[in-house]
Amino acid sequence: QAPAPGGVRDIFLLVFYVVFGAALVVALKRSEAGNQGLLDAAIFAAGGMLLVVLILVEPYIATSDLPPRGQAVQVASAAAAVALLAIAMRLLMTPEAESPSLQLLVGAAFAWVASDVVSVWLTSFGDYVPGSSVDIGWLLAFAFSGAAALHPSMASVSASGKARATVVRWPFFVLLATALLAGS
């Protein structure tokens, strides 16, 4: 039986989102000059959060029988997931995007968010079982984070060298095309 959302374990979940997001923000700040990367990530997050609120959160809150604290945790988790994905997507557009350690960090963010989204979805229907295959995403996130930390290319990502100008990469165009098509 899965514990109901809103308990002590969810505090650790939300703290992890903050710590992991802060680590990605530091990597983003070290790879580009100025605050352009953070501004782009904030724009991605705002757009993504609008979609999440309209499509997922509002109908979920209207039909959920969770207590208010559990609903607040689910909404905060969704907001944190969108912010983490926005920062990770923006990291793929930096000059260090070809660094294996940075790719592993982004992969960790994607694995964590995917597992969290599936667990929130299953929890909303009462079908989540701890130790099920949903937990593989969380385990992969920790494995990818550890591999990124141990990879030799992490030294170049974590070095506080001279930040370079922004380079437009293919993920930006994919994200832009998706946004334009979704808006139609």
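In this text the structure is predicted, and so the values were computed from the model without any measurement. (Residues numbered from 1 in each chain as written. Predicted model: local features only at pLDDT ≥ 70, side-chain atom pairs only at ≥ 80, totals over all residues. Heavy atoms only, no water.)

1. Description of the confidence of the model for the protein
Low-confidence regions, as indicated by low pLDDT, have predicted coordinates that should not be scrutinised in detail.
Inference 1: Averaged over all residues, the pLDDT of the protein equals 79, while 83% of them reach at least 70.
Inference 2: Within the protein, helix 5 (residues 135-150) carries the highest mean pLDDT (92), whereas helix 7 (residues 170-182) carries the lowest (68). (pLDDT = per-residue confidence, 0-100. Helix = DSSP H or I, 4+ residues; strand = E, 2+ residues; numbered from the N terminus.)

2. Describing the layout of surface pockets
Inference 1: In this model, the second largest pocket occupies a volume close to 280 Å³.
Inference 2: Of all the elements in the fold, those that place two or more residues in the lining of the second largest pocket are helix 1 (8-31), helix 3 (68-91) and helix 4 (100-124).
Inference 3: The dominant element in the lining of the second largest pocket, judged by the number of residues it contributes, is helix 4, at 5 residues.
Inference 4: Looking at the lining of the second largest pocket, its residues break down into 9 nonpolar, 4 polar and 3 charged. (1 Å grid on protein atoms, 1.4 Å probe; cavity = no way out; pocket = protein on both sides within 12 Å on 5 of 7 lines; lining within 4 Å. Points joined across faces, edges and corners; volume = space filled by probe spheres on them. Nonpolar A, V, L, I, M, F, W, Y, C, P; charged D, E, K, R; others polar.)

3. A look at helix 2 (residues 36-63)
Inference 1: For helix 2, with 28 residues, the first-to-last C-alpha span of 39 Å sits near the 40 Å given by 1.5 Å per residue.
Inference 2: Along helix 2, the residues classified as buried are G37, D40, A41, A45, G48, M49, V52, V57 and Y60. (Expected span 1.5 Å × (residues − 1). Buried < 20%, exposed > 50% of the residue type's maximum accessible area, 1.4 Å probe, protein only.)

4. Quick notes on the packing of aromatic side chains
Inference 1: Counted under the stated rule, the structure contains 6 aromatic pairs.
Inference 2: Residues Y17 and W112 carry aromatic rings whose centres are separated by 6.4 Å and whose planes lie at 90° to one another, so their mutual orientation is edge-to-face. One end of the pair, Y17, is in helix 1; the other, W112, is in helix 4, and 95 residues separate them in sequence. As far as burial versus exposure is concerned, Y17 and W112 are alike and both buried.
Inference 3: Taken together, a centroid distance of 5.5 Å and an interplanar angle of 80° make the contact between W112 and F142 edge-to-face. Of this pair, W112 sits in helix 4 while F142 is found in helix 5, placing the two residues 30 residues apart along the sequence.
Inference 4: By the ring-pair criterion, three or more aromatic residues cluster together here, those being F16, Y17, F20, W112, W138 and F142. (Phe/Tyr/Trp six-rings, centres within 6.5 Å; stacked < 30°, edge-to-face > 60°.)

5. Points about the nonpolar core
Inference 1: Membership of the largest hydrophobic core comes to 27 residues, with the highest contact counts inside it found for Y17, F20, L24, L84 and L91.
Inference 2: Contributing elements (two or more residues each) for this core: helix 1, helix 3, helix 4 and helix 5.
Inference 3: The element best represented in this core is helix 4, accounting for 8 residues.
Inference 4: When residues no more than four places from it in sequence are discounted, the contact partners of F20 are L84, L105, A108, A109 and S145.
Inference 5: Core analysis: the second largest hydrophobic core is formed by 7 residues, A45, M49, V57 and A86 among them. (Core = buried A, V, L, I, M, F, W, Y, C linked by side-chain atoms within 4.5 Å. Contact = heavy atoms within 4.5 Å.)

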